[in-house]
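Chain by chain, the residues:
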Amino acid sequence: MRSFDYFAPQSLGDATSLLRRYGSKSRLLAGGTDLLLRLERRLTEPSVVIDLKKIRALSGIKASGKGLRIGAVTLMEEIASSPLAQGRYGIIAKGAAAVGSIQTQNRATLGGNLCNASPAADTAPPLIALSARARIASSRRDREVPLEEFFLGPGKTCLQPNELLKEIFIPAPAGRSGGSFQRCTRTAMDIALVNCAVFLSLAPKRETIADIRIALGAVAPTPLRARPAEDVLRGKNPDKGAVEEAADRAAAGASPIDDIRSSASYRRDMVRILTRRAIEEALKEALGSRQQKKWQR
Amino acid sequence: MAEMKKRLRVTINGERYEKEVSPATSLLDFLRTDLNLTGTKEGCGEGECGACSVILDGRLVDSCLILAVEADGQEIQTIEGVGRHGRLHPLQKAFAEKGAAQCGYCTPGMIMAAKYLLDHNPSPTPEQALEAIAGNLCRCTGYGSIVDAILSAAKER
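Residues numbered from 1 in each chain as written. Chains lettered and ligands numbered in written order. Predicted model: local features only at pLDDT ≥ 70, side-chain atom pairs only at ≥ 80, totals over all residues. Heavy atoms only, no water.

Moving on, we get to the pattern of salt bridges. Two side chains with opposite charge may pair up if their charged atoms get near one another. Per the stated rule, a full pass over the model turns up 31 salt bridges over all chains. Between Glu167 of chain A and Arg135 of chain A there is a salt bridge, and its shortest N-O distance comes to 2.8 Å. Of this pair, Glu167 of chain A sits in strand β10 (residues 164-171) while Arg135 of chain A sits in strand β6 (residues 133-137), and the two are 32 residues apart along the sequence. A relative accessible area of 7% means that Glu167 of chain A is categorised as buried. Assessed through its relative accessible area of 21%, Arg135 of chain A is described here as partly exposed. For Arg7 of chain B, the salt bridge identified is with Glu18 of chain B, shortest N-O distance 2.9 Å. In this pair, Arg7 of chain B sits in strand β1 (residues 6-12) while Glu18 of chain B sits in strand β2 (residues 15-21), placing the two residues 11 residues apart along the sequence. Of the residues examined, Arg7 of chain B reaches a relative accessible area of 43% and is grouped as partly exposed. Look at the salt bridges and you will find they share partners, linking Glu148, Asp211, Arg213, Arg225, Arg227, Glu230, Asp231 and Arg234 of chain A into a network. (Salt bridge = Lys/Arg side-chain N within 4 Å of Asp/Glu carboxyl O. Helix = DSSP H or I, 4+ residues; strand = E, 2+ residues; numbered from the N terminus. Buried < 20%, exposed > 50% of the residue type's maximum accessible area, 1.4 Å probe, protein only.)

Okay, structure coming up:
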């Protein structure tokens, strides 16, 4: 590692002041499970590292009638085990639980996973499916963007050099809803080859899908919303054929790459299969136990 | 840039340390080089193998992916603090009895991961024991004897 100066501000105001002063010469440190690798390999050589973990306002999970707030430096383990992140928000707990080993879970943070902007990040598709918003702070102004607009490319986000990700906000889902998070990997504890999250809500007293969001990871430069697939199902009381068609459209819209972990064509096949499974599981959850017959194989 | 050292105060295995350290030093290097606590091993240096596992403020972590300065004011347990007063911890005894160490390089990290498990779950199932060491690689044993040792230590305690 090249030498750098280190700050661990106690307040958000101190952190944004440091960011204003050092801007692109600085790197933000949360859990460090990605940043330390980049520092060790000299892929990044900041003159200043700003550690955000001492800032209380950036940590923890809070629920209200409006929705769920997760601070940027909240640990994967805290999200995976939080009762607040279960139930209707359960797919974010599942995504967080999928990130790495116990050692990683105990150190890596939600904000770090998102700001690292890996196309395969396991927390991104669940949050996009849940209509999450990124709350961003700087010394000048705060702003909020839908999470799907947060990612610009591998390793690239919409954050300016003077900005930091403060928290993620998930609006409370309306009515009967269901979600599913699916992933496939080469070995039990590897980066996802493909991951997929579905979140849907049903129309009042009916089995029609009022709204659905499908998000895919590791098959494009950024986490991807599968809008053409959603359009097949929105407003429908879907049968198996419609679900298959949505899954086909999700696969057609993906642009996976060949790499050391898998071929593009295998990834595309897996998009179709995981999307189908995720829609079926989300529907089962939304319909509840009595109305599941249609989806039993 | 001139080297800017930071003052670091940590408690390691119950003992207080105060040292000047460069921010660009991993916790692993600080333990091994600055404090000569060489029980904690460096395997991959990338957070994949778990050989550098320590317990930091009650959480099992990879010390290669943490800056020493991040641990300021915190408490660290390393393999050197697992057995006390010259007596082996039940896990250490069980690892020896069950042949759970061959080359031994992963063993300190394995013991820390196993201790973290037993601290939270005193009577794990074989599946839970296997899951608890999923972040720790062993190239010798095939893991069977390690799981046996963890379960046997759990019965001992």
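With that settled, consider helix α2 (residues 90-97) of chain B. Residue and element names in this part refer to chain B. What α2 keeps buried is the set Leu91, Gln92, Ala94 and Phe95. Each buried residue of α2 sits inside an arc of 165° when the element is viewed along its axis, so together they form one side. Summarising the geometry of α2, the exposed residues directed more than 90 degrees from the buried face are Ala96 and Glu97. The inward-facing, buried residues of α2 contact α3 (107-120) and α5 (144-156). (Arc of directions from axis to C-beta. Contact = heavy atoms within 4.5 Å.)

All names here are of chain B. Under the domain assignment used here, chain B contains domain 1 (6-81) and domain 2 (90-156). Computed over C-alpha atoms only, the centres of domain 1 and domain 2 are separated by 21 Å. On the domain 2 side, the residues contacting the 16 residues of domain 1 number 14 residues. Around 1200 Å² of area is buried between domain 1 and domain 2 when both sides are counted, 62% of it from carbon and sulfur atoms. Here domain 1 is connected to domain 2 by zero salt bridges. For the interface between domain 1 and domain 2, the tally reads five residue pairs in polar contact (both at pLDDT 80 or more). Here the residues of the side of domain 1 that touches domain 2 sort into five nonpolar, seven polar and four charged. (Domains from an automatic or database assignment. Buried area = accessible area lost by both parts, 1.4 Å probe. Polar contact = N/O pair within 3.5 Å; in protein donor to acceptor, adjacent residues only side chain to side chain. Nonpolar A, V, L, I, M, F, W, Y, C, P; charged D, E, K, R; others polar.)

Looking now at the nonpolar core. Residue and element names in this part refer to chain A. If you look at the biggest cluster of nonpolar residues, it comprises 40 residues, and the most contacted ones within it are Ile92, Leu114, Leu127, Leu147, Phe150, Ile168 and Ile170. When contributions to this core are tallied by element, the ones reaching two or more residues are β5 (67-71), α3 (76-81), α4 (90-97), α6 (110-115), α7 (124-129), β6, β10 and β12 (194-202). Per-domain counts for this core show at least three residues from each of domain 2 (61-171) and domain 3 (177-287). Non-local contacts of Leu127, meaning those with residues more than four positions away in its chain, are made with Ile92, Leu110, Leu114, Ala132, Leu147, Ile168 and Ile170. (Core = buried A, V, L, I, M, F, W, Y, C linked by side-chain atoms within 4.5 Å.)

Turning our eyes to something else, we now look at the state of the cysteines. Residue and element names in this part refer to chain B. In the structure shown here, the tally under the stated rule is zero disulfides over all chains. Summary of cysteine pairing: Cys64 is not part of a disulfide, and the nearest cysteine sulfur, belonging to Cys52, is at 3.8 Å. Its relative accessible area of 4% is what places Cys64 among the buried residues. You can see Cys138 has no disulfide; the closest cysteine sulfur is in Cys106, sitting 3.8 Å from it. (Disulfide = S-S within 2.5 Å.)

So, about the domain arrangement of chain A. Residues and elements named next belong to chain A. We note that the domain assignment places domain 1 (5-51), domain 2 (61-171) and domain 3 (177-287) within chain A. Computed over C-alpha atoms, the centres of domain 1 and domain 2 are 19 Å apart. Counting from both sides, the interface comprises 12 residues of domain 1 and, opposite them, 15 residues of domain 2. Note on domain 1 versus domain 2: buried area summed over both sides is about 1100 Å², and carbon and sulfur give 69% of it. Linking domain 1 with domain 2 are zero salt bridges. If you look at where domain 1 meets domain 2, you find one residue pair in polar contact (both at pLDDT 80 or more).

The subject of this paragraph is helix α1 (residues 12-22) of chain A. All names here are of chain A. Of all the positions in α1, only Ala15, Thr16, Leu18 and Leu19 are classed as buried. The arc that holds the buried residues of α1, viewed along the axis, is 155°, so those residues lie on one side. Facing away from the buried side of α1, by more than 90 degrees, are the exposed residues Arg20 and Arg21. In this fold, the buried residues of α1 make contact with β1 (5-7), β2 (26-29), β3 (48-51), β6 and β10. Taken from the residues just after α1, Gly23 is the one with a positive phi, measuring 45°.

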